[in-house]
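# Secondary and tertiary structure notes
These are the residues of each chain, in order.
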Amino acid sequence: MAERFTMPLPLWVRFGLTLPLLVLNMFVLRQVLVPLAPFPSLFLGAALIAFLLDIPSRWLTQRGMPRVLALLLVLGLGLALLVLASLWLLPRMVQQLGDLLNALPGWLVQGQMLLDQTQLWAAAHGLPADFSDFSSELLTGSTKFASQLSQRLLGLLGATLNLTINTLIVVVLAVFLLVGGEAIPRGLARWLPSSWRAMVLNTLVTTFRGYFGGQVVLALILSVAQIVVFTLLQIPYGVLFAVAIGFTTLVPYASALTILLVSGLLVLEDPRTGVEVLVAAISVGQVVDQVIQPRLMGQIVGLQPAWLLLSLPVGARVGSLLGLGELLGLLLAVPVASCLKTFLDELARRLGLPEPQPLTPPPASVGSPLP
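Residues numbered from 1 in each chain as written. Predicted model: local features only at pLDDT ≥ 70, side-chain atom pairs only at ≥ 80, totals over all residues. Heavy atoms only, no water.

Moving on to helix α7 (residues 194-232). With 39 residues, α7 should reach 57 Å at 1.5 Å per residue; the first-to-last C-alpha distance of 57 Å fits that figure. Two residues or fewer after α7 comes Q234, characterised by a positive phi angle close to 55°. (Helix = DSSP H or I, 4+ residues; strand = E, 2+ residues; numbered from the N terminus. Expected span 1.5 Å × (residues − 1).)

Let's shift gears to the confidence of the model for the protein chain. Averaged over all residues, the pLDDT of the protein chain is 77; the fraction at 70 or higher stands at 79%. Counting interchain partners and residues more than four positions distant, the pLDDT-below-50 stretch residues 365-371 has 0 contacts. (pLDDT = per-residue confidence, 0-100. Contact = heavy atoms within 4.5 Å.)

Counted under the stated rule, the structure contains 4 aromatic pairs. Three or more aromatic residues link up through ring pairs in this structure, and these residues are F51, F208, Y211 and F212. (Phe/Tyr/Trp six-rings, centres within 6.5 Å; stacked < 30°, edge-to-face > 60°.)

Below, the discussion takes up the environment of A50. Mapped onto the fold, A50 is located in helix α2 (residues 39-62). Overall, the relative accessible area of 7% leaves A50 in the buried class. With 121 residues separating them in the primary sequence, A50 and V171 have C-alpha atoms 9.1 Å apart. Setting aside residues no more than four positions away along its own chain, A50 makes contact with A174, L177 and L178. (Buried < 20%, exposed > 50% of the residue type's maximum accessible area, 1.4 Å probe, protein only.)

Here we take up the packing of α7 against helix α8 (residues 238-247). With their axes 8 Å apart at the nearest point, α7 and α8 run at an angle of 155° to one another. By the angle class used here, α7 and α8 are roughly antiparallel. Helix-helix and strand crossings are classified by hand; for α7 and α8 the assignment is right-handed. Across from A219, L220, L222, S223, Q226, I227 and F230 in α7, the residues of α8 making contact are G238, V239, F241, A242, V243, I245, G246 and F247. In terms of residue class, the contact of α7 with α8 is built from 11 nonpolar, 4 polar and no charged. (Axes fitted to C-alpha atoms, helices over the stretch in contact; angles between N-to-C directions. Parallel < 35°, antiparallel > 145°, perpendicular 65-115°, else oblique. Left-handed = near helix turned anticlockwise from the far one by under 90°. Nonpolar A, V, L, I, M, F, W, Y, C, P; charged D, E, K, R; others polar.)

What follows concerns the packing of helix α3 (residues 67-124) against helix α9 (residues 254-269). Running from N to C, α3 and α9 point in directions that differ by 75°, and their axes come no closer than 8 Å. Between α3 and α9, the angle is such that the two are roughly perpendicular. For the pair α3 and α9, contact is made by L104, W107, L108, Q110 and G111 and by L265, L266, L268 and E269, respectively. A per-class count over the contact of α3 with α9 returns 6 nonpolar, 2 polar and 1 charged.

Within the chain, Q234 stands out as a residue other than glycine whose phi angle is a positive 55°. For Q234, a relative accessible area of 69% translates into the label exposed. In this structure, Y237 is a non-glycine residue whose phi angle is positive, near 60°. Structurally, Y237 is set in the loop between α7 and α8.

Note that S255 resides in helix α9. With relative accessibility at 12%, the residue S255 sits in the buried group. Not counting residues within four places of it along the chain, the set of residues in contact with S255 comprises L222, I245, T248 and T249.

Put into structure tokens, the structure is as follows:
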């Protein structure tokens, strides 16, 4: 019987073959998911909610409470918070948003007048300044954005029935996934090689549960703290701005942009109010970041800031291409990138690739002048 000889493929050939197959699989996945929209995004949203509800239920179970009682208690508290938000928080946010949209054109006119005064002051002092084009573009663009936002809100309010049905679907799916969802990842993990199975499951569960649990708790704490501070300072539209700043922390660095946007809008009405919001929001955010976040999350993500920023637009684009929506893509970008980094590090370790060494400057040649 003739012996069969197999020649192992070089590493660069294997990676070169993997990329076309990955792109092909992504194309096939998109062809499957896009016609099913919005159900894949609803399922993922329900899975994220189940992840969040599973954290307190596990905490109660580990302290001796029966699993069924813990699930009932967590579901009851979750529904109570949902009802409270629907009855108290949501009407105030809708009212303040409508008032803000009505007041925004006047603020934009004041902003244009402020730019004109700044231009006159600069011209009187011999400084080169011409804000005419900028002010007209800013006014036109802001007015267009406000009209588009109001039209979308009216469309959203007109689609209340569809929104209610989707919300009920998400809630029901989240309950079912919370009760019996552990069998789904275990069943999918059976298709993985046995040597990778435990590591992949542990990485996915730890990263997603830790990241989303920590981020949502931080968003709630930050929103409540800023609602209290803005109410004490009598900031106009304080509830709306506090919730917007708080929940944009779910996307890295988005909260800082929201603070600048909110402060810039309030400066148009009253510069003192805008400065107060800027100082108060930064102060509350620093307290949460420095005191609560390290104890709550630790080093879960483990990504460098450059890779973190790169993962956000990529995640938004992939989510849009797959029919999941850019917002869901942004929310999933960071934990998915963290899991991919862990998998690639483990693959490199199993392949025996050396650890990257830090760059060192070349030694100075003999006789070279000292810097």
